[in-house]
Amino acid sequence: MNEQYTLHVNGVDRAVTDAWLGENLLYVLRERLGLLAAKGACEQGECGSCSVLVDDRLVCSCLVLAASAVGRRIVTVEGLAERGAPSDVQQAFVDTGAVQCGFCTPGLIVAAHALLDRSPDPSDLEIREELSGNVCRCTGYGRIIEAVQRVAVARRETPQEPS
Amino acid sequence: MPVVVPLTLREAIAALAEHPDAMVLAGGTDALVEINEGHRAIASGASSPFVVAVDRVAELRSWTIDPASRTITIGAGVTYDELMDDPLATLLPALAEASRTVGSPQIRIAGTLGGNLATCSPAGDALPVLSALDAVIQLTGPSGDRTMAVHDFMVGVKRTALAAGELITSVTLPLLDGWQGYSKVGVRNAMVIATASACLAVDAPARSVRLALGSVGPTIIRATEAESFAAEAVDWDHTAMSDDDVRRFGELAGAASRPIDDHRSTAVYRRHAIGVMAARLVRRAVPGGGS
């Protein structure tokens, strides 16, 4: 329990101290760095509730050995809301009623950002495929897909800086 | 810090030479599950725990084509999402199909071809493809480089021929002229471990059919009797095969499987599924002659 390293999270270098070598990134984010948005449920890469971006790539943070992510750019959902204001994807989730219990929401928001950054005009099938790694037991997904479609339309009508 | 992140193959080999019992970490999609569940220590043996994270080794992340031998050599660190997109998807269609069935987008972004080999689960989705294509695996380690047929590399359930301190560097596959595809049955359509799987690859100039079966034995099985039968039964000049022969091909494939009952399925169901998948695959490969 004496590992020390620095992770670059949401644009800031964060020191991790007194860690155990085998800790995954989700655990370090939540328990050592106090970033509680990413959620732990399955701890085996099946539910997507721990999704974060590592060097702009969507991954399950529960499957990343935290100490191996030194030098990578890590972005959690906390890093997508600039100065506390919701991102367009977050606002669309609220507006469409895509949030119910909220447990899957942080992972889905990160996944939706990754999808829209890579594919600004996704088809319905593409949205379903790309969000298939994020399990939601409340909504039935319809409103989540609608939220993503709304953001795609809004970004086309009002081009903006990528978030 | 007992985690080293080499950026070159030379650095990775040096780290493994110094710590031959280190855990080699690639995409982490298998290793972290075992660590999270407490099923796997970071390192066995007497020395202190040590991890060599190879996901930033440039040489492992690339691929090259050798036009003279019509082969492609893919770095062990190439991920499923790279295999399922062009240009690799057009070059290796069955490997692309298999890659699309792996886990979720998050898993396909992280998981690697080399990791699938090193884990060597009978249900590994890339493995039936590598078997059907007679892949050759390149390894490097303290006693130098060696190559090995994938059939010799896969020793048993989650057991390989990898020696201590040895690293999978790449996989060489033939660029075949002929139809190839992958088929998989699971308990649902997405994010599922194979209950049974099969890869069929045609080598048209050689007038041969290769069929490899997954999740129905300790390692991947080549259905050699079915292969020999198809080579004779196919009308190669017209890409045709009778419905009776397609059925017989499926029966021979099912007979070649050696499935077990476990928490995921039963031996009877798995053998049946292999027969159905093999027949469908060969019909897609050889569309003519049906009635």
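Treat the numbers as computed from the prediction; the structure is a model and nothing was measured.

A. Highlighting the sheet that holds strand S5 (residues 73-75) of chain A. All names here are of chain A. What the five strands build is an open sheet, ordered S2-S1-S5-S3-S4; its pairing is mixed. In this open sheet, the two strands that pair with only one neighbour each are strand S2 (12-19) and strand S4 (57-60). With strand direction ignored, the average angle separating the axes of adjacent strands in the sheet is 40 degrees. Across two bridges, strand S3 (residues 51-54) lies against S5 in antiparallel orientation. Of the residues in S5, the one forming a bridge with Leu 53 is Val 75.

B. Focus on the environment of Ser131(B). All names here are of chain B. Structurally, the position occupied by Ser 131 is in helix H8 (residues 127-132). Take Ser 131: there are 24 C-beta atoms within 10 Å of it, and that puts it in the buried class. Considered as a pair, Ser 131 and Asp 86 are 45 residues apart in the sequence and their alpha carbons are 22 Å apart.

C. Layout of the nonpolar core. Grouped together as the largest cluster of nonpolar side chains are 143 residues, with contacts concentrated most on Ala278(B) and Val282(B). When sequence neighbours within four positions are dropped, the list of residues in contact with Val282(B) reads Leu200(B), Val209(B), Ala230(B), Met241(B), Val246(B) and Phe249(B).

D. How the structure looks around unusual backbone geometry. Backbone torsion omega between Asp86(B) and Pro87(B) reads 10 degrees, so that peptide bond is classified as cis. Along the chain, the position of Pro87(B) falls in the loop between helix H3 (80-83) and helix H4 (88-91). A positive phi angle is found at Asn10(A), which is not glycine, with a value near 50 degrees. Exposure remark for Asn10(A): the 18 C-beta atoms within 10 Å place this residue in the partly exposed category. Positioned with a positive phi, Glu43(A) is a non-glycine residue whose angle comes to about 55 degrees. With respect to the helices and strands, Glu43(A) occurs in the loop between helix H1 (25-32) and S3.

E. A look at helix H5 (residues 142-157) of chain A. Residues and elements named next belong to chain A. Between its first and last C-alpha, H5 extends 23 Å over 16 residues, near the 22 Å set by a 1.5 Å rise per residue. Inspection of H5 places Ile 144, Ala 147, Val 148 and Val 151 among the buried residues, and these make up the whole buried set. Projected down its long axis, H5 shows its buried positions confined to an angular sector of 95 degrees, all on one face. Exposed and oriented more than 90 degrees from the buried face of H5 are Gly 142, Val 153, Arg 156 and Glu 157. The inward-facing, buried residues of H5 contact helix H2 (88-96), helix H3 (105-118) and helix H4 (124-130).

F. Local environment of the interface of chain B and chain A. Contact with chain B, which involves 24 residues of that partner, is made by 25 residues of chain A. Listed by contribution, the elements that provide at least two residues to the side of chain B that touches chain A are helix H2 (31-36), strand S3 (51-53) and helix H6 (105-110) of chain B. Per-element tally for the side of chain B that touches chain A: the top contributor is H6(B), with five residues. Counted by class, the side of chain B that touches chain A contains 18 nonpolar, six polar and no charged residues.

G. Examining the pairing of strand S12 (residues 196-203) of chain B more closely. Residue and element names in this part refer to chain B. S12 sits mainly inside the fold: seven of its eight residues count as buried. Direction of pairing for strand S11 (residues 180-185) relative to S12: antiparallel, over a ladder of six bridges. Each bridged residue has a counterpart across the sheet, and for Gln 180 the counterpart in S12 is Ala 201. As paired strands, S12 and strand S13 (residues 208-214) are joined by seven bridges and run antiparallel to one another. Directly across from Leu 200, in S13, lies its bridge partner Leu 211. Counted between consecutive antiparallel strands, the loop separating S12 from S13 contains four residues, among which Arg 207 sits at a positive phi close to 55 degrees.

Thresholds applied
Residues numbered from 1 in each chain as written. Chains lettered and ligands numbered in written order. Predicted model: local features only at pLDDT ≥ 70, side-chain atom pairs only at ≥ 80, totals over all residues. Pairing = 2+ DSSP bridges. Helix = DSSP H or I, 4+ residues; strand = E, 2+ residues; numbered from the N terminus. Axes fitted to C-alpha atoms, helices over the stretch in contact; angles between N-to-C directions. Buried ≥ 20, exposed ≤ 12 C-beta atoms within 10 Å, placed from the backbone. Core = buried A, V, L, I, M, F, W, Y, C linked by C-beta atoms within 7 Å. Contact = placed C-beta atoms within 7 Å. Expected span 1.5 Å × (residues − 1). Arc of directions from axis to C-beta. Nonpolar A, V, L, I, M, F, W, Y, C, P; charged D, E, K, R; others polar.

Structural measurements only, silent on function.
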